Amino acid sequence: MIPNLMASVANWNPQLIRELKGRLKPRNITLVSSVSLLSQALLIFFFYAQLPTEKSPYGRYVLDSKQLPIVIEWQTWWNDIFMTLNWILPMALMLGGVYMLIQDLALEEKRGTLNFIRLSPQPGRDILAGKLMGVPILLYLGLALALPLQIVVAINAQIPMGLLLLQYGVFAIVAMSLFSLSLLLPLVGFAAGWLGALIAVFIVFPSLQFFQLIFGVARLANDNPNAWQDFNNRWDLWIKWFNIPVSYNIAAWYGFMSLSLVILMVGTWQVLNRRFSDPATTLLSKKQSYLAVFSLNIFLLGFVTPIRSTSWQDLGTFFLYGLIPWCLLLAIAALSPQRQPLQDWARYRRESTRNHLKNRQLFQDLLWAEKSPNMLAIFANIMITIVLWTPWILTAKFKFNSYQSHQNWQVIFSLVLLGGLILICATVAQLILLNKIIKPQLWAGGIILAILVFPFISMALMAIQPHQYPLPFLLSFMPWATLESAQFIDFFLAIAIQWTGLFLLNVKLHKNLLKAGESQSKALLTNR
């Protein structure tokens with residue numbers, strides 16, 4: 001039966017069979033099984049040692065220390081074991097899986113076998129799915145051996161099985177989303193599995209804390225119908241997404257989070273399949289970037305629309321100034337073509353202009369073509385963001401550094417300045433990527449980071465205060481810091497300076513592109 005099963009899996013996904021054959025060796029299976037069972041035994045022994053005895057009739061699990069024989073509160077004991085397992089198993093799954101996937105794909109890339117795999121007739125998504133299911137197979141095996149213990153413990157702790165299965169489903173979706181992002185990292189040059197796992201800690205740990213909190217309230221709700229209402233009132237967690245109550249109960253919570261993660265996972269797999277098939281292409285097409293930025297803004301805007309309280313308005317302000325700008329900076333990395341595609345596009349434009357063909361399609365090329373420079377696409381994404389958030393801004397009352405309210409036009413102008421700075425970063429990145437230098441992506445990232453950080457260092461060393469000199473802060477990555485003192489003339493000067501610099505950078509880029517297209521044409525003519 002096993003050979004027939006393996007043959008069926010091989011027909012369905014040959015890459016998965018390749019991974020399973022390389023890892024499911026008897027020695028590996030024995031080692032993983034032994035470690036899993038031994039760890040479970042040590043966990044039970046540890047908690048067993050915490051039980052009270054006649055010599056030490058005290059502790060967390062004693063109902064009455066004066067009563068003999070000692071009455072043990074077994075449900076609390078089983079509950080503590082369950083909660084410990086509910087932390088250990090998801091952490092081991094997510095962090096271990098992230099490390100294994102990054103290391104495996106990076107090793108394949110280093111050995112050159114990944115290019116060989118790309119030549120196979122399998123679709124890229126099937127190969128990557130085989131990696132996702134097969135690389136951590138020993139980790140899956142070890143955790144599967146621990147599930148019977150957790151189920152037995154959950155039964156003794158009187159935890160509803162439906163609630164436990166719902167928790168398993170959410171953990172599986174979170175893990176698959178995290179694993180999908182982990183597969184993408186080696187394809188963009190990130191090869192340190194340990195560092196990826198360390199970064200994942202900052203995502204997994206707070207997420208698990210949140211899930212454990214929701215899980216605990218859901219357990220209380222079985223006996224106390226008002227538990228959800230008390231919890232949401234206490235923590236101000238009546239979360240609505242465009243007035244849809246997503247924190248009404250655990251089903252609404254988990255359903256909304258799971259749907260959001262599934263959408264993220266579908267988008268990630270689009271990028272994975274695109275990058276795996278062609279390592280030289282950009283992570284996103286321009287059309288995909290517009291859809292991604294639109295979706296992200298709608299998702300975030302839903303939590304703060306309509307404005308229900310000051311705390312939710314503060315959350316919207318954080319989205320505007322603390323989260324979305326960094327996402328737009330990531331869009332620069334996702335949309336910036338490398339030197340060779342830019343040369344191909346420049347040569348194409350030069351030939352089209354010389355032959356009077358498609359000369360009017362420059363705008364369409366910059367907006368939609370994948371090999372064209374990124375500035376117009378970044379500009380379009382910035383405009384999508386500003387247009388979507390403008391109605392919300394016009395209905396809000398902003399307070400940043402003091403209790404003084406700011407006019408809405410100041411916030412809109414600050415977003416325009418923030419968008420201009422992002423456009424400057426996009427142009428600088430494209431100029432660097434067009435040059436023939438070693439590791440241009442690293443240079444581009446370093447210079448953009450310097451553009452963002454250096455003004456703050458300079459202003460700190462010179463003790464420049466926002467209320468004294470608003471102009472430098474308006475030109476920085478933190479324009480909201482000086483909204484209290486900035487006047488219309490300050491905004492006007494800042495926009496004039498910024499767009500003058502942006503114009504000069506684009507003139508320089510245009511000249512470099514013309515030179516690149518000319519030299520490529522000359523090389524082709526010479527070869528002829």
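Attention in this report is confined to the structure presented alongside it.

What counts and what doesn't
Along every chain, residues carry numbers that run from 1 in the direction the sequence is written. Totals for whole chains, interfaces and linings use every residue, but because this is a predicted model, local features are given only for residues with pLDDT of at least 70 and side-chain atom pairs only at 80 or more, for both listing and counting. Side-chain metrics in this entry use all non-hydrogen atoms of the structure; hydrogen atoms and water are not considered. Aromatic rings from Phe, Tyr and Trp, with only the six-membered ring used for Trp, were paired whenever their centres fell within 6.5 Å, and each pair was classed as stacked if the ring planes differed by under 30 degrees, edge-to-face if by over 60, and tilted otherwise. Each residue is placed in one exposure class: buried if its accessible area under a 1.4 Å probe, protein chains only, is under 20% of its type's maximum, exposed if it is over 50%, and partly exposed if it falls in between. The rule is short: NZ of Lys or CZ of Arg within 6 Å of the ring centre and within 35 degrees of the ring normal puts a charge over the ring. Patches in this entry comprise residues that are over 30% relatively accessible and not in a salt bridge; like charges within 9 Å are linked, as are nonpolar side chains (Val, Leu, Ile, Met, Phe, Trp, Tyr) within 5 Å. Here the Shrake-Rupley method, with its probe set to 1.4 Å, supplies the accessible areas, and only the displayed protein chains count as covering residues. The working definition used for a salt bridge is a side-chain nitrogen of Lys or Arg within 4 Å of a carboxyl oxygen of Asp or Glu. Helical segments are the DSSP runs of H or I of at least four residues, strand segments are the runs of E of at least two, and each set is numbered from the N terminus. Every axis in this analysis is a line fitted to C-alpha atoms, fitted for helices over the stretch in contact. Angles between the N-to-C directions lie between 0 and 180 degrees. Here roughly perpendicular refers to angles of 65 to 115 degrees, roughly parallel to angles under 35, roughly antiparallel to angles over 145, and oblique to all remaining angles. Here a crossing is taken to be left-handed if its near helix is turned anticlockwise relative to the far helix by less than a right angle, and right-handed if that turn runs clockwise. The contact definition used throughout considers only heavy atoms, calling two residues in contact when any of these lie within 4.5 Å. Throughout this entry, Asp, Glu, Lys and Arg are counted as charged residues, while Ala, Val, Leu, Ile, Met, Phe, Trp, Tyr, Cys and Pro are counted as nonpolar. The remaining residues, Gly among them, count as polar. What is meant by a nonpolar core is a set of buried Ala, Val, Leu, Ile, Met, Phe, Trp, Tyr and Cys residues, joined one to another through side-chain atoms within 4.5 Å. Counted as a polar contact is a pair of N or O atoms within 3.5 Å, where, for protein atoms, one must be capable of donating a hydrogen and the other of accepting one, and residues adjacent in sequence contribute only when both atoms are in side chains. Expected span of a helix, by definition, is 1.5 Å for each gap between consecutive residues, and there is one gap fewer than residues.

1. Considering the packing of aromatic side chains
Okay, so step 1: Under the definition given, this model contains 23 aromatic pairs.
Okay, so step 2: Here W241 and F242 contribute two aromatic rings whose centre-to-centre distance is 5.0 Å and whose plane-to-plane angle is 75°, an arrangement assigned as edge-to-face.
Okay, so step 3: Overall, the relative accessible area of 31% leaves F242 in the partly exposed class.
Okay, so step 4: We note R118 situated over the ring of F276; from NZ or CZ to the ring centre the distance is 5.0 Å.

2. A look at a nonpolar patch on the surface
Okay, so step 1: A contiguous nonpolar patch, built from Y99, M100, W194, L198 and F202 and spanning about 570 Å² of accessible area, is present on the exposed surface.
Okay, so step 2: Counting only elements with at least two residues in the nonpolar patch, the list comes to α4 (74-111) and α9 (193-223).
Okay, so step 3: The leading source of residues in the nonpolar patch is α9, at 3 residues.
Okay, so step 4: For M100, the position within the fold is in helix α4.
Okay, so step 5: A relative accessible area of 30% places M100 in the partly exposed class.

3. Observations regarding the environment of T53
Okay, so step 1: Mapping T53 onto the fold places it in the loop between α3 (26-49) and α4.
Okay, so step 2: Note on T53: relative accessible area 42%, which makes it partly exposed.
Okay, so step 3: In the structure, T53 is positioned 17 residues away from I70 in sequence and 7.5 Å away in space, judged by C-alpha atoms.

4. Describing the packing of helix α11 (residues 250-277) against helix α12 (residues 286-304)
Okay, so step 1: One way to put it is that α11 packs onto α12 with a least axis distance of 12 Å and a crossing angle of 165°. Taken together, the axes of α11 and α12 lie roughly antiparallel to each other. The handedness of the crossing between α11 and α12 is left-handed. Each of F256, S260, Q270 and R274 in α11 lies in contact with α12, whose residues at this interface are Q288, F299 and F303.
Okay, so step 2: By residue class, the composition of the contact of α11 with α12 is 3 nonpolar, 3 polar and 1 charged.

5. Quick word on the environment of Y348
Okay, so step 1: Inspection of the secondary structure puts Y348 in helix α14 (residues 339-354).
Okay, so step 2: C-alpha of Y348 to C-alpha of G517: the two residues are 169 residues apart in sequence and 7.6 Å apart in space.

6. Considering the pattern of salt bridges
Okay, so step 1: If you walk through the whole model with that rule in mind, you get 9 salt bridges.
Okay, so step 2: For R23, the salt bridge is made with E19, and the minimal N-O distance between the two is 2.4 Å. Here R23 and its partner E19 are both found in helix α2 (residues 14-23), 4 residues apart, which amounts to about one turn of the helix. For the pair formed by R23 and E19, the shared burial category is buried.
Okay, so step 3: Between K131 and E19 there is a salt bridge; the shortest N-O distance is 3.0 Å.

7. Examining the nonpolar core
What tends to happen in soluble globular proteins is that the nonpolar side chains get buried as a cluster.
Okay, so step 1: By size, the foremost hydrophobic cluster in this structure holds 119 residues, and its most contacted members are Y254, I378, W389 and W392.
Okay, so step 2: Tallying contributions element by element places α4 first for this core, with 14 residues.
Okay, so step 3: Those residues in contact with Y254 that sit more than four places away from it in its chain are L166, Q167, V170, F211, I214 and F215.
Okay, so step 4: Core analysis: the next-biggest nonpolar cluster, separate from the first, contains 9 residues, W345, A346, L509 and L513 among them.

8. Examining the packing of α3 against helix α7 (residues 137-156)
Okay, so step 1: The interhelical angle for the contact between α3 and α7, taken along N-to-C directions, is 35°, at an axis separation of 9 Å. Here the hand of the crossing between α3 and α7 comes out right-handed. Contact residues: α3 offers N28, I29, V32, S33, S36, Q40 and I44, while α7 offers L138, L141, G142, L145, A146 and L149.

9. Let's talk about unusual backbone geometry
Okay, so step 1: In this chain, T305 is followed by P306 through a cis amide linkage whose omega measures -5°.
Okay, so step 2: Phi at F242 takes a positive value of approximately 50°, unusual for a residue other than glycine.
Okay, so step 3: Here F242 lies in the loop between β1 (240-241) and β2 (244-245).

10. With respect to the side chain of R118
Okay, so step 1: Along the chain, the position of R118 falls in helix α5 (residues 113-118).
Okay, so step 2: Here N115 takes part through its side chain, which lies 2.6 Å from a polar atom of the side chain of R118.
Okay, so step 3: Apart from the residues lying within four places of it in its own chain, the contact partners of R118 are E109, L187, R275, F276 and P279.

11. A look at α3
Okay, so step 1: Counted at 1.5 Å a residue, the expected span for α3 with its 24 residues is 34 Å, and the 34 Å between its end C-alpha atoms agrees.
Okay, so step 2: Next to the buried residues of α3 lie α4 and α7.

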